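Breakdown of the fold
Chain by chain, the residues:
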Amino acid sequence: MLMYGRLPGLTAAPRHVRASHRIVGWAAFLLSVPLAYHCVRTSGVETTDTRVFLHSVAGCALYGAFVAKVLVVHSRRLPAWTLPATGSLLFGLIGLLWCSAALWALNGFTVPGL
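Just so it is clear, the model here is predicted, and its values are computed rather than measured.

Overview of the packing of aromatic side chains
Across all of its chains, the model carries 4 aromatic pairs by this definition. Centroid distance Trp26 to Phe29: 5.7 Å. Interplanar angle 90°. Geometry classified as edge-to-face. You can see Trp26 and its partner Phe29 sitting in helix α1 (residues 15-42), 3 residues apart, about one turn around the helix. Overall, Phe29 belongs to the buried group, its relative accessible area being 19%.

Focus on a nonpolar patch on the surface
Together, Val45, Phe53 and Val57 give the surface a local cluster of nonpolar side chains, amounting to about 240 Å² of exposed area. Here Val57 lies in helix α2 (residues 50-74).

Section: α1
The first and last C-alpha atoms of α1 sit 41 Å apart over 28 residues, in line with the 40 Å expected at 1.5 Å per residue. Val33 marks the point of greatest bend in α1, at about 30°, and the proline Pro34 comes within the next four residues.

Here's the deal with the packing of α2 against helix α3 (residues 82-107)
Between α2 and α3, the shortest axis-to-axis distance is 8 Å and the interhelical angle comes to 150°. When the axes of α2 and α3 are compared, the pair comes out roughly antiparallel. Both α2 and α3 take part in a crossing whose hand is left-handed. Split by residue class, the contact of α2 with α3 holds 18 nonpolar, 6 polar and 2 charged.

Rules and cut-offs
- Residues numbered from 1 in each chain as written.
- Predicted model: local features only at pLDDT ≥ 70, side-chain atom pairs only at ≥ 80, totals over all residues.
- Heavy atoms only, no water.
- Phe/Tyr/Trp six-rings, centres within 6.5 Å; stacked < 30°, edge-to-face > 60°.
- Helix = DSSP H or I, 4+ residues; strand = E, 2+ residues; numbered from the N terminus.
- Buried < 20%, exposed > 50% of the residue type's maximum accessible area, 1.4 Å probe, protein only.
- Patch = residues over 30% accessible without salt bridge, like charges linked within 9 Å, V, L, I, M, F, W, Y side chains within 5 Å.
- Areas by Shrake-Rupley, 256 points an atom, 1.4 Å probe, with all protein chains shown as cover.
- Salt bridge = Lys/Arg side-chain N within 4 Å of Asp/Glu carboxyl O.
- Expected span 1.5 Å × (residues − 1).
- Bend = angle between axes of the 7 residues up to and from the residue.
- Axes fitted to C-alpha atoms, helices over the stretch in contact; angles between N-to-C directions.
- Parallel < 35°, antiparallel > 145°, perpendicular 65-115°, else oblique.
- Left-handed = near helix turned anticlockwise from the far one by under 90°.
- Nonpolar A, V, L, I, M, F, W, Y, C, P; charged D, E, K, R; others polar.

Okay, structure coming up:
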């Protein structure tokens, strides 16, 4: 919201900050597509393990959240709370994916109770 000047009393971020945010976001999205394709092609959605199931569902939801965030950013008709909500959802899904894959693989991390 700060980036687009939607917070009261604050001006929008400079144009180069907005442009670099978009470029980095799209680059991350495009770099994740081959990885997601590989995961879906080799594993699909597995329900044998809770961690793997959460990872599968979060991976699918990530792309939906990304599209939702892009649509919310371009819409002027939605309530002001939708942009931080979709951004938070996207950030949370990225964290869940990281915890259920990379962090788990590197450290043997497990979520208590799962």
